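# Per-entry structural report
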Amino acid sequence: MKVKSLATSGIIAALYIAVSMLIAPLAFGAIQFRIAEMFNHLVVFNKKFFVGIVIGVFITNLFSPLGMYDLIFGLGQSVLALSITIFAKRFIKGHVKQMIFGTLVFTFTMFLIAIELYLAFQLPFLYTWLTVAIGELVVMGIGIPIMLALNKRINFSKLIED
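Scope of this entry: the structure provided in the associated data block. Since this is a predicted model, take the numbers as computed values, not measurements.

### Focus: a nonpolar patch on the surface
- A surface patch of nonpolar side chains, about 550 Å² in accessible area, is lined by Leu-130, Ile-134, Val-138, Ile-142, Ile-146, Leu-150 and Ile-154.
- As for its placement among the helices and strands, Leu-130 is situated in helix H8 (residues 125–154).

### Details of helix H5 (residues 68–88)
- Its 21 residues place the ends of H5 30 Å apart at the C-alpha level, agreeing with the 30 Å of an ideal helix rising 1.5 Å per residue.
- Those residues of H5 lying buried are Asp-70, Leu-71, Phe-73, Gly-74, Leu-75, Gln-77, Ser-78, Ala-81, Leu-82, Thr-85 and Ala-88.
- In this structure, the buried residues of H5 make contact with helix H3 (42–45), helix H4 (49–62), helix H6 (95–108) and helix H7 (111–121).

### A word on the packing of H7 against H8
- Two elements in contact, H7 and H8, have axes separated by 8 Å at closest approach and are oriented at 130°. When the axes of H7 and H8 are compared, the pair comes out oblique. Taken as a pair, H7 and H8 cross one another with a handedness that is right-handed. On H8, the residues touching Phe-111, Ile-113, Ala-114, Ile-115 and Leu-117 of H7 are Phe-125, Thr-128, Trp-129 and Val-132.
- Class assignment of the residues belonging to the contact of H7 with H8 gives a composition of 8 nonpolar, 1 polar and no charged.

### Quick word on unusual backbone geometry
- Even without being glycine, Gln-122 reaches a positive phi, approximately 55°.
- For Gln-122, the location among the structural elements is in the loop between H7 and H8.
- Given a relative accessible area of 57%, Gln-122 falls into the exposed group.
- Phi is positive for Asn-155, which is not a glycine, with a value near 60°.
- With respect to the secondary-structure elements, Asn-155 resides in the loop between H8 and helix H9 (156–159).
- Overall, the relative accessible area of 33% leaves Asn-155 in the partly exposed class.

### Remarks on the packing of aromatic side chains
- Per the counting criterion, the structure on display carries 8 aromatic pairs.
- Ring geometry for Phe-45 against Phe-156: centres 5.2 Å apart, planes inclined by 50°, an arrangement best described as tilted. Of this pair, Phe-45 sits in helix H3 while Phe-156 sits in helix H9, and the two are 111 residues apart along the sequence. By the burial criterion, Phe-45 is buried, and Phe-156 matches it.
- Geometrically, the ring pair formed by Tyr-69 and Phe-73 is tilted, given 6.5 Å between the ring centres and 40° between the ring planes. Within this pair, Tyr-69 and its partner Phe-73 are both found in helix H5, separated by 4 residues, close to a single helical turn.
- Ring pairing ties together the aromatic residues Phe-108, Phe-111, Phe-125 and Trp-129, which thus form one cluster.

### Points about the nonpolar core
- Ranked by size, the top nonpolar core spans 24 residues in total, and within it Leu-42, Phe-49, Ile-53 and Met-147 carry the most contacts.
- Contributing elements (two or more residues each) for this core: helix H1 (3–22), H3, H4, H5, H6 and H8.

### Notes on the pattern of salt bridges
- Summed over the entire model, instances satisfying the criterion amount to 1 salt bridge.
- The salt bridge involving Arg-34 is made with Asp-70; its shortest N-O contact spans 3.9 Å. Pair noted here: Arg-34 is in the loop between helix H2 (24–27) and H3 and Asp-70 is in helix H5, with a separation of 36 residues, a long-range link.
- A relative accessible area of 8% places Arg-34 in the buried class.
- By relative accessible area, Asp-70 is classed as buried at 4%.

So, how was this worked out
- Residues numbered from 1 in each chain as written.
- Predicted model: local features only at pLDDT ≥ 70, side-chain atom pairs only at ≥ 80, totals over all residues.
- Heavy atoms only, no water.
- Patch = residues over 30% accessible without salt bridge, like charges linked within 9 Å, V, L, I, M, F, W, Y side chains within 5 Å.
- Areas by Shrake-Rupley, 256 points an atom, 1.4 Å probe, with all protein chains shown as cover.
- Salt bridge = Lys/Arg side-chain N within 4 Å of Asp/Glu carboxyl O.
- Helix = DSSP H or I, 4+ residues; strand = E, 2+ residues; numbered from the N terminus.
- Expected span 1.5 Å × (residues − 1).
- Buried < 20%, exposed > 50% of the residue type's maximum accessible area, 1.4 Å probe, protein only.
- Contact = heavy atoms within 4.5 Å.
- Axes fitted to C-alpha atoms, helices over the stretch in contact; angles between N-to-C directions.
- Parallel < 35°, antiparallel > 145°, perpendicular 65-115°, else oblique.
- Left-handed = near helix turned anticlockwise from the far one by under 90°.
- Nonpolar A, V, L, I, M, F, W, Y, C, P; charged D, E, K, R; others polar.
- Phe/Tyr/Trp six-rings, centres within 6.5 Å; stacked < 30°, edge-to-face > 60°.
- Core = buried A, V, L, I, M, F, W, Y, C linked by side-chain atoms within 4.5 Å.

Next comes the structure, spelled out in structure tokens:
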């Protein structure tokens, strides 16, 4: 990994952690609004952002009240949804369509977080899937115009070397 890519991944991870910890009570639990999830859209611009996002999720989940469950299920959900989003870029053209697809993938895969919450706190699976999925849908949906606006200023595609 080149120095610029490593540094950019570190910055993305640090931003993910900082934003998550800033609103920590809302980042964990049956009702979640983990604002940092909007950074998941970065993989639409360059798949190399995957590393920084995953590191950010991992370190953030070290502080989770769910303990090992969040390291397994939370990280697993992120890796799965990011991977599907990156793979689908081959078939979906345009950043907006790719981000909408990614939002739907992340929202659907929140069933893994619902399983985690069921195992950790015996919360009802379907209700919890609904609540965490709504939170994810809202955050990722709001994240689309924010990331598009930031991309106009920063040009995410060129931020990490290919």
